[in-house]
Each structure stands twice: as C-alpha cells, then as structure tokens.
Amino acid sequence: MKPDYRYVGKNTPRREARDIVTGRATFLDDYNLPRQLYTKMLKSPHPHANIVSIDISEAQKVDGVKAVLCLENLPEECKEWSLGFPYHKPIFDRRLRYVGDPVATVAAETPEIAEEALKLIKVEYEILKPYYTPMESSQPDAIQFYDHIPGNKVPYGIGLPGFPLGEHGVEFKHIDKGDVESAFEECDAVVEGTASYSASHAPLAPETPAVLAQWTEPGNLYIRASSQSPNLLRIQLSTKMPDVIVRSESFNVGGSYGNKNHITCMCMHASALALVTNRPVKFIYTKSEQLLAYETRLGSHMTLKVGIKDGLVHAMQGNWMIDTGSCNDIGQAQMGVGLGEMQLVCAKCKNWDFKADIYYTNKEPAGVVRGFGGQELKSALMPIISQCAAKLDLDPVEFYKNNFVKEGDPYTWRDGTNWVCKYADYRPAMTQAAQKFEWADKFKGWYKPTSVNGSKVRGVGVGLHGNCDVGEDCSEAYVRLEPYGYAVVHCTVAEAGQGQRNQAIKAAAEILNMPFEKVRITDADNLVNPHEFGLVGSRGTIVVSTAVGEAAKKVKQELLEKGAAFLHCPVEAVDTEDGFIYLKDKPEVRVPWMPIIGFGHTMTGVGKYEEQFAIPNFCMLFVEVEVDTDTGETTLINVTGGTDVGQMLDPATLELQFQGCIGSAALDTGLIDGHVLDTTQGRLMTANMIDYKWRLFNEFPEFNSVILESQYDISPFKAIGFGEISGAPGPSAVSMAISNAIGKDFIEYPATPAAILKALGKA
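Description of the structure in this document. Everything numeric in this text was worked out from a predicted model, so none of it was measured.

Digging into the overall build of the protein
And then number 1: On a plain count of helices and strands, the protein comes out with 19 helices and 34 strands.
And then number 2: Rg of the C-alpha trace for the protein: 27 Å, near the compact-globule value of 27 Å for 763 residues, within the 12% margin.
And then number 3: Principal-axis analysis of the C-alpha atoms gives the protein an extent of 85 × 70 × 55 Å.
And then number 4: Classification of the 763 residues of the protein by burial places 62% in the buried group.
And then number 5: Taking the contacts inside the protein whose residues are at least 6 apart along the sequence as the reference set, 80% of them involve residues at least 24 apart.
And then number 6: Of the roughly 27900 Å² of accessible surface on the protein, a fraction of 51% belongs to carbon and sulfur atoms.
And then number 7: Averaged over its 73 positive side-chain charges, the protein has a centre that lies 3 Å from the centre of its 96 negative ones.

Okay, structure coming up:
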C-alpha cells in the first residue's frame, strides 16, 4: 500500500525557483573575483593538421594582455596535464585533430582585448588527411592520431575507481555467451543489417560551459564551474592534473543534460593561465563555441545479425563501432552501459557474440550526453531487431513485453560484473501506456500506415529503454540538527534543472517530520561536503535520497534517545515534530530541541550509499508521425510515454522530466536534431540556433503519460530515477513509425525530407 507521506509524492515549491524567474539567482557569469582576467582561445581551422610554427609575440604586446600560452611556452607543470581516458591528449599539441582544437589561449583584462590579441597570432599549418568515420580511421593505412595508440582504436580501461575491468580483470567490450552459430539454425527468422546514429548531437544547455579558475596557494586549485556534478569534475581534474588538490563548486546551473559534467578542457586552460598570471581567470564559451568546439554525443555504427525463436531474441552477433571524435573522455564506460542496456532489452537471449570498439575521428570530442552510450546503441540496434520481428509479424508491444528484463534475469553491467535483476516487472506500465496511446487501433501491422490522406500518411512506432546506472556509485551525506529547530543537509548536489536539491531537502524533512522551509542545503562545494559522485544516470533519486535518508534517520535516533532521557521515558515513547520532542501518548507534552541538543552544540548524522546495478529503470515511448510523401516532411503528431517509478517524489517535476523526452538530444534526434558536417572542410555548418534545428514551443505535439507507482523496495521512499532516459527510446520509435507510414524500412537519423524522398525513390 502506498504510504501517506507528508511531502513525498506531493508537489513542493522549488527552493531556487523564485530567484531564477526574478533574475536574482547567481550563475557563474554573474560571479566575479577581484583582479579577474578573461580567456579567449585560438582554435584550429583545420580538421587534421600539424603546427609547423607559431608566433605569439605581437599578441603579447597588446595593452591589457597578461599572458599568451601555446605549445611553445607552456609551463613545465602544465605539460603533465592530459585529457581523455586513458590520458592521451595534452592541453596543447603540435598535432591538431579537429576544427576547434586549441592552438593558443590569451588572458586579458577584458574579453574584447583577448579577442583582439588572438587575431595577431601567426600560425603555419601542415594539412593532413582527415577521417570522419571509424570505418575510415580504422583502415591500416590511416594516419595515426596519437603515436602511442596504434590503429586509432581507444585502449580499454579508464583507471578510475568505480570503473574496474570487471570480475577477474576481464574487459567488458565483448558479450560472448552460448553457441551463436547453432542458435541461429534454431531460429524462426534471422535478419542481418547495418545502422548508424551519428549526427554529433548537442544537447545545448541554455547556459554555455563556464569556468573560473583560481590558485589559492601552490598546488591548491579552486574551480568554480557550471558543472552539474562538481565532485565528479573534481575527480576528473585531480586524476588528470598530477599533484594538484582541487576544490570544485557549482552555482545555479542553467541546464546540462549530462553534457556539462566535466568541462575538463576549459578548466585546464583557465588553470594554466591563472598559474602564469597569478590571477583568477574566467573562461566562458559563446553559444557558437558551445556548438562548434564543445563535446557532443558519441557516434554509433552497427552491423548486426539477430535471430528470433518463439517470440524471443535467441541469438545476437555483431560489431559496434563507436566514434569518440578527436579525444575520448569516458567512452569505455559509455560502451559498457550500452552493452549492458542491450542485454536488458534482449534479456531472454542466451547466445551472444557481440563486440564493441571505440575509434578516433577528426571531429569534435565526444563526451557525456544524456543517454550515456545506451541511446547511441539502442537507436542503431532496435530498427534491425524490428526488421526481424516484422518478418514474423510479431506485435511490437507484445514482443517487448516478452523480451525486456524482469526479476531474476541475469546480465553483465558496465563494471564487467554479472548482476541479477531485482524487483522489476514493467509489463503493466507497457500495457497501460499502449492503451492510453490506443496502440491496438492505430497499429495496422508492419509497414502499414495508420491512415492515408492524399500525400499525407501516418504511422506509429514504439521504443523502450532501461538503465541500471540509477544505482551507480557510492555516496555520502550529513544531516545536521541545530538546536533552534532547523536542519542542514550537507551534500554536493548542484541544481541543473532536475529539482535534485529539493528532493534532498524533502527526504530530510520527511524523515525528521519538520517544516520543509526549515531544512537547508549546503552549497554544491566539495570542500564542505562529503563524497557525492554527481548527478549522472538519474542516480540522485535512489542514491542521494538513500544517503540523506540514512543520515536523517541516524540523527533522529540520537535526538529521540536524548529526548527520552530528558523526559525520563523509554525512547519508544517519544517522537519528533516541527522541531519539538513529544510524548506519543500525550502529544501536548512537547519540548523544543534546544534543551535536548544544547546551546552551543549540534547533532550530525552520517549516511552512506553503496553502489549496485541490480535495479533497472524503464521508459516506453509511443509516437505517431505524419509523412508528406510529396515533400518528405515529417511531423510529430502524438507522443505517449509509460513508466513505473516506484514512488513519485514530486509529480510536477516528474511530468516535466517526461515531457523533456522530446528535445535536448533526445526524441528529436530522430527527426531534426543533429549537426551538419561539411566534409570538404571538416567544419560544422550548424553554428547557431537557426541552423542547428530545434523544436519551438508552438511545435510541441500532443503529449500523454502513464506513470505507475509499484512501490519497489529499492530506496527509502521506494522511488527510482527516471529523467535521463525519458528520451532514449524516441529515435528508434520514430524510425519504426516512419517505416510503417511509408511502407518500407527507414533507418536514418535525423529523418530529413531528402532522406525520406530518397527512401521513397523520389530523389
């Protein structure tokens, strides 16, 4: 039975909301330090080149310029700083590997002075042949991107705690189980195909990436950044900058969508300039720089052979080539998540031979974007599996119900460890979402339109997604009680739009049974808080609420024990409410916390969470599209989503996260969202919000949702995170809907009018 909580499951005002809408909230752009300098960067105009010579002398003479750095004059200590995992890319290098690669940086009294100085830097380049796909860069005669990395293939292994090789040191890049060849002979249908999902999607947080670097004393770096995960940023920098102690803090974060977790390249360049000038240095990307030079989504190219027997995926064999661009940040973990999620959607398959590798190309670096490997894999995978299901005329919804992971199903997760699914049975959510969408009426069969009106044909599709990273990485929190009747949550949680700081406050207020307004939370600063990995993989719902909840329970127990002693009664006889201790059988006997905690004292509880990957979350999206077969234009008509979150923490926030399935590198990557690369020059042609296609609010389709609350015993309030994956099923659902509308297979992202007309034989 669903408990009757005081705050959980009910909407509460977002603590930061009024400041944001009134302009009082502080973002990093608003925050300045005395003697602060500003940074601008000269970037490579070529996708692949060597620097033959560079002359910065004229730039150094500009009045107001305090430092110009490049490969030739980088301080010795900064030469050990390196980007990527494993570390492979120095912050300046003679080899340039994408349009936008750093060539030189300037620190000046104003951004305008720094911009003028950049124009005076003279560079001579040696142009090299570029490679824009893994299929090109992996050829034996391809130019080597990094001398110490053969074949342009990213080495396995990250070397970070939390990302081990797995059991017995086995690399998790190959799912190898059963007897694939024999299994294919047993199948009712077998399909082989290829698919790609590689338009370098940019989630484009409204606030551009920003950094303020300050050396507080030798070896001690204070980074203020627009990161959604300041402690994760600290971990990244600490491992890549030897002998540097990093303090990291975030203010309000104007959106991230996973893409502003690290910001390591900008941090290192600002830190180098701060080091040589002995002054704080701010570095903020413009919107064009965010579009052209910042991290985008991994590219995904797949060849797959899939077999189905008795309605279940029976055998899988294939190869997944991942495009990480010019530098690999954490692609190995993303690859592991993709391989893990592949097993969740084909959970009954016992015969596997599926390999994955990551390759460099001459494109902007790929980094973390919502979906984290799973969306990249699934968008290429599911259309090929659909072809096999279509061959057997299997209803997609029933096919997914039978094949998606359930309690007791085993799988290997990104840590290379074998896990068994607990609790989850998402079939009721699938059934109710299908009913809400009226799937039974709209789905007329594979490659059959739902309706035809002249040149306009409609089709429907469905996709699904699940991710076990909702339980990832250990976490800690403190809850401190003040004698004056309020509490403080110590937790390094930034606010990037998910409402996570509110949920941490809500967890403490619920357990301590006190006014929401009397619970505060510390700034997102790793110096004043215990370890909190960061807001990735929608982990905050389980992990943060568990750590904060445990801390609140422990300090509450201490409070009740001292309160019972004060009132000379058993601890079982007392409870706390609104900053008072009271007798349960005589509620009118109430004592404020002050005499129990004591003037000049506080009480603090410590909560911890231990990582586990046994609980996947779930999202299914149904879409209806209309294709104009004369123009190739595709319109999104209707979206219905289904999930089971165990327990809603804040219904309004959850609904908004669901609606967020469309934009920010999610469902719309199937229709309009993606960069356009000019392969004659290696330059992106989508440098602004007009050229980079983005859905406007008045183009938002009809949206419905089905949210179940099955009260899975997985966290203090039985809630499971959801927001990150809401859009991941979207691209494959769009692919299926277009295929059904036009009567033939269509796998191309985004579905431009030209691609549609080509599929129809009209272009």
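With respect to helix H3 (residues 111-118)
And then number 1: Taken residue by residue, H3 has Ala114, Ala117 and Leu118 as its buried positions. Down the axis of H3, the buried set is contained in an arc of 105°. They therefore lie on one face.
And then number 2: If you follow the buried residues of H3, they end up packed against strand E1 (37-43), helix H2 (57-60), strand E3 (65-70) and strand E7 (102-108).

What about unusual backbone geometry?
And then number 1: Here the bond from phenylalanine 85 into proline 86 is cis, since omega is -15°, no more than 30 degrees from zero.
And then number 2: By secondary structure assignment, the location of proline 86 is in the loop between strand E4 (82-83) and strand E5 (89-90).
And then number 3: The omega torsion of the bond from tyrosine 749 to proline 750 falls at -10°, within 30 degrees of zero and hence cis.
And then number 4: Even without being glycine, leucine 204 reaches a positive phi, approximately 55°.
And then number 5: Note on placement: leucine 204 falls in the loop between strand E10 (189-197) and strand E11 (210-217).
And then number 6: Looking at leucine 204, the relative accessible area reads 6%, which means it is buried.

Comments concerning the sheet that holds strand E2 (residues 49-55)
And then number 1: The three strands are arranged E6-E2-E8 in an open sheet whose pairing can be described as antiparallel. The outermost strands of the open sheet, each flanked by one partner alone, are strand E6 (95-96) and strand E8 (122-127).
And then number 2: The pairing of E2 with E6 spans two bridges and is classified as antiparallel. Bridging from a neighbouring strand, alanine 49 pairs with leucine 96 of E6.

So, the sheet that holds strand E22 (residues 475-482)
And then number 1: Here four strands make up an open sheet; going across it, the order is E24-E23-E22-E29 and the pairing mixed. Two strands in the sheet have a free side with no partner beyond their single neighbour: strand E24 (519-521) and strand E29 (603-609). Here the strands of the sheet are splayed against their neighbours by 20° on average, with no regard to which way each runs.
And then number 2: Pairing analysis gives five bridges linking E22 to strand E23 (residues 486-490), with the strands arranged antiparallel. Bridge pairing in E23 links arginine 480 to valine 488.

Topic: the pattern of salt bridges
And then number 1: As enumerated under the stated definition, the model contains 41 salt bridges in all.
And then number 2: Among the ionic pairs, glutamate 376 bridges to arginine 297, the shortest N-O distance being 3.1 Å. Of this pair, glutamate 376 sits in helix H10 (residues 374-391) while arginine 297 sits in the loop between helix H8 (287-293) and strand E15 (299-309), and the two are 79 residues apart along the sequence. You'll find glutamate 376 and arginine 297 in the same group, each marked buried.
And then number 3: With its nearest N and O atoms 3.3 Å apart, the salt bridge here joins lysine 401 to glutamate 398. Separated by three residues within a single helix, lysine 401 and glutamate 398 lie in helix H11 (residues 396-403), roughly one turn from each other.
And then number 4: Through salt bridges with shared partners, a single network forms among Arg414, Asp469, Glu472 and Asp473.

Let's talk about the packing of aromatic side chains
And then number 1: One pass over the full model with this rule turns up 28 aromatic pairs.
And then number 2: Between tyrosine 197 and tyrosine 749 the ring centres are 5.1 Å apart and the planes differ by 90°, which places this aromatic pair in the edge-to-face class. A residue pair is termed long-range when its members are at least 10 positions apart, and tyrosine 197 in strand E10 and tyrosine 749 in the loop between helix H18 (730-742) and helix H19 (753-759) qualify at 552 residues. Just as tyrosine 197 is buried, tyrosine 749 falls in that class too.
And then number 3: Taken together, the ring pairs connect Phe437, Trp439, Phe443, Trp446, Tyr447 and Phe622 into an aromatic cluster.
And then number 4: Stacked on the ring of phenylalanine 516, the Lys or Arg arginine 15 has its end atom at 5.0 Å from the ring centre.

Procedures and definitions
- Residues numbered from 1 in each chain as written.
- Predicted model: local features only at pLDDT ≥ 70, side-chain atom pairs only at ≥ 80, totals over all residues.
- Heavy atoms only, no water.
- Helix = DSSP H or I, 4+ residues; strand = E, 2+ residues; numbered from the N terminus.
- Rg over C-alpha atoms; globule rule 2.2 N^0.38 Å.
- Buried < 20%, exposed > 50% of the residue type's maximum accessible area, 1.4 Å probe, protein only.
- Contact = heavy atoms within 4.5 Å.
- Areas by Shrake-Rupley, 256 points an atom, 1.4 Å probe, with all protein chains shown as cover.
- Lys, Arg positive; Asp, Glu negative; His and termini not counted.
- Charge placed at Lys NZ, Arg CZ, Asp CG, Glu CD.
- Arc of directions from axis to C-beta.
- Pairing = 2+ DSSP bridges.
- Axes fitted to C-alpha atoms, helices over the stretch in contact; angles between N-to-C directions.
- Salt bridge = Lys/Arg side-chain N within 4 Å of Asp/Glu carboxyl O.
- Phe/Tyr/Trp six-rings, centres within 6.5 Å; stacked < 30°, edge-to-face > 60°.
- Lys NZ or Arg CZ within 6 Å of the ring centre and 35° of its normal.

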